[in-house]
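Examination of the molecular architecture
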Amino acid sequence: MQSPLTFPALHASHAGIWMATPDGEVRTVGKGEAVGRAAETPMVMLNAPLVAQRLGYADLSGLDVLELFAFVHPARFVVPTAKGLATVLGIKADAEDGVWSDQKVPHLLLAATQRLLATLADPAWPEREGAWDSAQALMRVRWPWANIVLRHLAKPEKPERWLFARLPEWEEAAPRTPPRVVTLDPDAVQTQLASLVGNGAETRQGQRDFAQAAARIFAPRARKGEPNMVLAEAGTGIGKTLGYLAPASLWARNADGAVWISTFTKALQRQLVREARRIYPDPETFKQKVVVRKGRENYLCLLNLEDALQGGFAGRAATLAHLVARWAAYTSDGDMIGGDLPGWLTTLFRRNGSTALTDRRGECIYAGCPHYKKCFIERAARASVQADIVIANHALMMVNAARGRDEVSRPTRIIFDEGHHLFDAADSMFAAALTGQETVELRRWVIGPEGKARGRRRGLAARLADVASYDEEGGLAIEMARIAAEALPGDGWLGRVAEGVPSGPVERLLHAIRTMVFARDESNLAESGYGLETELADPPPAVVDAVADTQVALEALARPLTLLGARLEAMIADPPEWLDGGARARVEGAMASLGWRIDTVRAWISMLARAVGPVDADFVDWLAIDRFEGRDMDIGMHRHWLDPMKPVAEIVLKPSHGVLATSATLRSGGDWANAEARTGAVHLDHAAEHFSATSPFDYAAQAEVLIVTDIKRGDMAALAGAYAALIGASGGGALGLFTAIRRLRSTYARIADRLARDGLPLYAQHIDPIDTGTLVDIFRDDPHASLLGTDALRDGVDVPGASLRLVVMEQVPWPRPDILHRARRLSYGGTDYDDRIIRAKLAQAFGRLIRSAGDKGHFVLLSSAVPSRLLTAFPAGTSIRRVTLEQAVAAIKSGLSPVTNIRQDDANTLQEGNPI
């Protein structure tokens, strides 16, 4: 059945291009020849979009070995590099250090392909079920690998179970009884901590103290609305994860209750899952006791997948859908974003359509879905009710609190890890935006697809046709809502607004906003591609008139939606005879999403009322044009809470019995008053307790901060040269952090080829067609690689060991002086407010460098003038020097050495006339 592979292999990096014949002969080729051969003959490649980018040939296609891996081993992790592929498949490199040189990568690709194809015939292949039918379906959508796979894959003797038959069904369980009132014994907490740390391991005193502090949130609260709240700043290396898991697991067991642990990054979620296995080492017990919860938009929607598999997707998107179906049969939780779906899979498909496979528009029909009993989202939601430990994220905690359907299962004991991000998460959740994109989405939800739109999306009338035929008043409300929604912007709105020919009241408002923003903008950034904004103050008559017309249009939509909601509630309360299970499910699903839409429209109406009325001191309102590379992307009106922790305190903190907010930088470079403000504790009647523990790391011996003073700001060539020199001096292992994507791209373009020729691969966020999580995986796996990125990498990178030994920041991370920041700056301390933000960012960036006791490295800040007051962002004892670039390169090459701490010598430095 098997046959030899007859296709060549192609590999391209910044150092050159190599091609291998099927018999393994490798030679160097130019871009022209590589593109020409690839256009003539299918070639085996690793990450075709990345190869296409390196060749400058966007239409490149071929046999991507990563797609074959995703078919053969769905839901299995692999770093999408030559080294990662070789490691997983057990292919050894010729070199002693296991490094695959560029010249040998084409040979590896051929060997990896043969290994994967051979697996198809292996009787012990664990992912065999469903492969034959999947390969047949992939052949019909013209997957390049399909014919080759089918030549190596034996037809099963009996029909295979289809995906939707394989997936297990969840079961309803009785409501969980309220947790018992228990008090944790301090000795029991320490015993639990010792058991989690492990036999023979020394429990650090800081960790012991932290665990005891965390245990205080599980004490019975004294009064309703006054949770036991603890703010705990625990330096890196304290071991706070096990420190709070010890009392949390002990309380969950003794009280038979659930503890929710909320994080900000996916990296910490994965770490928590690993650490929680220490509590429940038995896999089956672990599945029952620990549940990971995320927002609906993270999970695969089985109904959307079925639609895609049955013709809803075409071309390459259809191939992606079938590979996702392969994964869905073997996934542990159905999480497409941070779960076991390879992060690189969707990026292999340029216009992948992966977002259409999740419920990003809130269109779930709940029990009306034929796959409801197998739904990944519903399974996780039900499992979390019975779990002891629920691992969630800040965004989900806010959404559930604001829109939660089940008050009985509301979390009462909450641990916010990465608590310094609570403010930002709340700021996003409780904001409102009346924009073109938001109103278009609402129109589609009400009216359904218009014109040539494809897919299973249906408007209210189609979803609730049986309701309209039974209930005359409800049917009239649906029709009134449909008519009212026609006043909202439709397809092509952005072009009409830009051309000055808006259609309808909302588009006229957007046109008036656009005109006002361009007229009043003083940033002079209109041609540079950045977004523009202006205060919502003293609006011109055109805006005032458009606001009034838009209010009328939105009220006309809100009234029938509200009436429809009331009719649906009445129908559920007194069901007619025809309301069977399926119809009832559709009605309940419509009610759930209807409430969300009504709240949104009411928020817009409130914004408009205040747009031409008195100022509300609790909110900041402004008008903005979102732009990208000089093009308008969205236009609208925005509203944020001046202090978003006020609603958090009311709907998250006060209903809880115990809350822990912890982080290595919880005070964000300020004092405890700042921590209380950023976590919402300041709005509680009962004062929060404070705890702090410094890091056990020896920063004086492990790290050094170098402030490079001879790189002129704005000199892009000098900036790129500095990065190249620093990365070269460290031999890779560098994380470069930028405050602007434009400077990141310019630096990458200038130095990537140069570093690659020295054997130092460089990757970059916003440039390489690879998701951020996978970029970090690649960076972690190769100690010679370096990674450039923006804010997302300042917090989401956990790379202990030699793979990260240098952090470079291109400048002091000054806050962007936008309208929202200016308002908060005036309210919260002026320059001190700015300094707290900067110190927090510096501390978080520095925290990427030293993650374990054996780590060593340098933190470099490319800024000629760093105010001395900001240097307290770095841990006490850390050596800080002001040096030239040449001196910094020499210091990195020579490693760490005893140096003078600039914080102790500020006076001398200033006397020399050199600003710090």
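Computed from a predicted model, the values in this text were never measured in an experiment. (Residues numbered from 1 in each chain as written. Predicted model: local features only at pLDDT ≥ 70, side-chain atom pairs only at ≥ 80, totals over all residues. Heavy atoms only, no water.)

**Here we look at the overall build of the protein**
Short version of the rule: Secondary structure elements follow DSSP: runs of H or I of four or more residues count as helices, runs of E of two or more count as strands, with numbering from the N terminus. All radius of gyration figures rest on C-alpha atoms, and the globule criterion is 2.2 Å times the number of residues raised to 0.38. Burial classes: relative accessible area under 20% of the type maximum marks a residue as buried, over 50% as exposed, and values in between as partly exposed (1.4 Å probe, protein chains only). Residues count as neighbours in contact if any of their non-hydrogen atoms are within 4.5 Å of one another. Only the protein chains shown count as cover for residues, with accessible areas throughout obtained via the Shrake-Rupley method and a probe of 1.4 Å. For the purpose of counting charges, residues Lys and Arg are taken to be positive, whereas Asp and Glu are taken to be negative. His and the chain ends are not included. Charge positions are represented by NZ for Lys, CZ for Arg, CG for Asp and CD for Glu.
Looking only at helices and strands, the protein features 37 helices and 23 strands. In terms of overall size, the protein behaves like a compact globule, its C-alpha atoms giving a radius of gyration of 29 Å where 916 residues would be expected to give roughly 29 Å. For the C-alpha atoms alone, the extent of the protein along its principal axes is close to 80 × 75 × 65 Å. Here the protein holds 916 residues, and 54% of them are scored as buried. Counted over contacts in the protein with a minimum sequence separation of 6, partners at least 24 positions apart contribute 75%. Within the structure as shown, the protein displays about 38,800 Å² of accessible surface, and the carbon and sulfur contribution to it stands at 51%. Of the charged side chains in the protein, 104 are positive and 110 negative, and the gap between their average positions amounts to 2 Å.

**Quick notes on the sheet that holds strand S14 (residues 631-641)**
To keep it simple, the criterion reads: Strand pairing requires that DSSP identify at least two bridges connecting the strands. Lines fitted to the C-alpha atoms define the axes, with helices restricted to the stretch that makes contact. Angles between their N-to-C directions range from 0 to 180 degrees.
On the basis of which strands lie adjacent, the open sheet formed by four strands has the order S11-S14-S13-S12 and antiparallel pairing. The open sheet has two free edges, formed respectively by strand S11 (432-435) and strand S12 (532-535), since each of these has just one partner strand. Between one strand and the next, the sheet's axes are offset by a mean angle of 25 degrees, whatever the strand orientation. Judged from the 10 bridges that link them, strand S13 (residues 619-628) and S14 form a sheet pairing that is antiparallel. The residue of S14 that forms the bridge with valine 620 is histidine 640. Seen against the sheet, helix H34 (residues 819-827) touches S12, S13 and S14 and runs at an angle of roughly 150 degrees to S13.

**Overview of the pattern of salt bridges**
The condition is simple: A side-chain nitrogen of Lys or Arg and a carboxyl oxygen of Asp or Glu constitute a salt bridge if their distance falls within 4 Å.
Evaluation of the coordinates by the stated rule reveals 35 salt bridges. For glutamate 473, the salt bridge goes to arginine 567, with nearest N and O atoms at 3.7 Å. Within this pair, whereas glutamate 473 is found in helix H22 (residues 472-485), its partner arginine 567 is found in helix H25 (residues 541-573), the two being separated by 94 residues in sequence. A relative accessible area of 26% means that arginine 567 is categorised as partly exposed. Between aspartate 834 and arginine 825 there is a salt bridge, with the nearest N and O atoms lying 2.6 Å from each other. Beyond isolated ion pairs, a larger network of salt bridges with shared partners links Arg176, Asp256, Lys289 and Asp388.

**A short note on the sheet that holds strand S21 (residues 806-809)**
An order of S19-S20-S18-S21-S22-S17-S23 is seen for the seven strands of this open sheet, with the pairing classed as parallel. With one partner strand each, in any of the chains shown, strand S19 (762-764) and strand S23 (879-883) form the two edges of the open sheet. Across this sheet, the average inter-strand angle for adjacent strands is 15 degrees, counted without regard to direction. Relative to the sheet, helix H35 (residues 831-846) contacts strand S17 (703-708), strand S18 (734-737), S21 and strand S22 (857-862), its axis offset from that of S22 by approximately 145 degrees. In this fold helix H36 (residues 885-894) packs onto S17, S21, S22 and S23, with an angle of close to 160 degrees to the strand it touches most, S17.

**Focus on the packing of helix H24 (residues 505-520) against H25**
Basically, it comes down to this: Relative orientations are named as follows: roughly parallel for angles under 35 degrees, roughly antiparallel for angles over 145 degrees, roughly perpendicular for angles from 65 to 115 degrees, and oblique for any other angle. It is the rotation of the near helix from the far one that decides the hand of a crossing: anticlockwise by less than a right angle makes it left-handed, clockwise makes it right-handed. Each residue is assigned to one of three groups, with Ala, Val, Leu, Ile, Met, Phe, Trp, Tyr, Cys and Pro labelled nonpolar, Asp, Glu, Lys and Arg labelled charged, and all others, Gly among them, labelled polar.
Between H24 and H25, the least distance of the axes is 8 Å, while the angle of their chain directions is 155 degrees. With respect to each other, H24 and H25 are oriented roughly antiparallel. The hand of the H24/H25 crossing is left-handed. Residue-level inspection shows Pro505, Val506, Arg508, Leu509, Ala512, Ile513 and Met516 of H24 in contact with H25, the latter providing Ala542, Val543, Ala546, Val547, Asp549, Thr550 and Ala553. Across the contact of H24 with H25, the residue classes break down as 11 nonpolar, one polar and two charged.

**Focus: the state of the cysteines**
The line we're drawing: Any two cysteine sulfur atoms within 2.5 Å of one another count as a disulfide.
The full count for this structure, using the stated rule, is zero disulfides. No disulfide involves cysteine 301; its nearest neighbouring cysteine sulfur is the one of cysteine 369, lying 6.2 Å away. Cysteine 301 gets classed as buried once you look at its relative accessible area, which sits at 15%. Given the relative accessible area of 14%, cysteine 369 is considered buried.

**As for helix H18 (residues 422-429)**
Burial analysis of H18 places six of its eight residues in the buried class, which makes it a mostly covered element. The set of residues buried in H18 consists of Leu422, Phe423, Ala425, Ala426, Asp427 and Met429.

**Some thoughts on the packing of aromatic side chains**
To keep things clear, this is the line we draw: Each Phe, Tyr or Trp ring, with Trp reduced to its six-membered ring, pairs with another whose centre is within 6.5 Å; inter-plane angles below 30 degrees give stacked pairs, above 60 give edge-to-face pairs, and intermediate values give tilted ones. Geometrically, a charge over a ring is one whose NZ (Lys) or CZ (Arg) sits within 6 Å of the ring centre while staying within 35 degrees of the ring normal.
Using the criterion set out here, one finds 13 aromatic pairs in the structure. Each ring, one from phenylalanine 697 and one from tyrosine 699, has its centre 6.1 Å from the other, and the planes form 75 degrees; the classification is edge-to-face. On the accessibility criterion, phenylalanine 697 (12% relative accessible area) is buried. Ring-pair connections join several aromatic residues into one group, and the members of that group are Phe697, Tyr699, Phe846, Phe859 and Phe874. Against the face of phenylalanine 71 rests arginine 326, its NZ or CZ located 4.8 Å from the ring centre.

**Things to note about the environment of tryptophan 170**
So the rule is basically this: We call two N or O atoms a polar contact when they sit within 3.5 Å, provided that within protein one can donate a hydrogen and the other can accept it, with sequence-adjacent residues counted only if both atoms are side-chain atoms.
Tracing the sequence through the fold places tryptophan 170 in the loop between helix H8 (163-166) and helix H9 (186-197). For tryptophan 170, a relative accessible area of 5% gives the class buried. In contact with tryptophan 170, other than residues within four places in its own chain, are Tyr372, Lys373, Lys374, Cys375, Glu378, Arg379 and Arg382. One polar contact links the side chain of tryptophan 170 to the main-chain carbonyl oxygen of tyrosine 372, over a distance of 2.8 Å.

**Topic: the pairing of strand S20 (residues 786-789)**
As a reminder of what qualifies: Here the term right-handed applies to a crossover when the path leading from its first strand over the helix to its second strand runs clockwise, the strands being oriented away from the viewer.
Across the two faces of S20 the burial is the same, with Ser786 and Leu788 and Leu787 and Gly789 all buried. In this fold, S19 hands off to helix H32 (residues 772-781), which returns the chain to S20; that crossover is right-handed.

**Some thoughts on the nonpolar core**
Definition in use: Throughout this description, the term nonpolar core refers to a set of buried Ala, Val, Leu, Ile, Met, Phe, Trp, Tyr and Cys residues connected via side-chain atoms within 4.5 Å.
Of all hydrophobic cores here, the largest spans 73 residues; its most connected members are Val44, Phe71, Val149, Leu300, Leu305 and Leu345. Ranked by residues supplied to this core, first place goes to helix H15 (residues 316-328) with nine residues. Not counting residues within four places of it along the chain, the set of residues in contact with leucine 345 comprises Ala70, Leu320 and Leu323. With 53 residues, the next largest nonpolar core counts Ile447, Leu460, Val467 and Met637 among its residues.

**Digging into the confidence of the model for the protein**
To keep things clear, this is the line we draw: Note: pLDDT gives the predictor's confidence per residue, expressed from 0 to 100.
Across the protein, the average pLDDT comes to 88, with 92% of residues at or above 70. Here helix H37 (residues 906-911) stands out as the least confident element of the protein, with mean pLDDT 33; helix H3 (residues 65-72) is the most confident, with 97.

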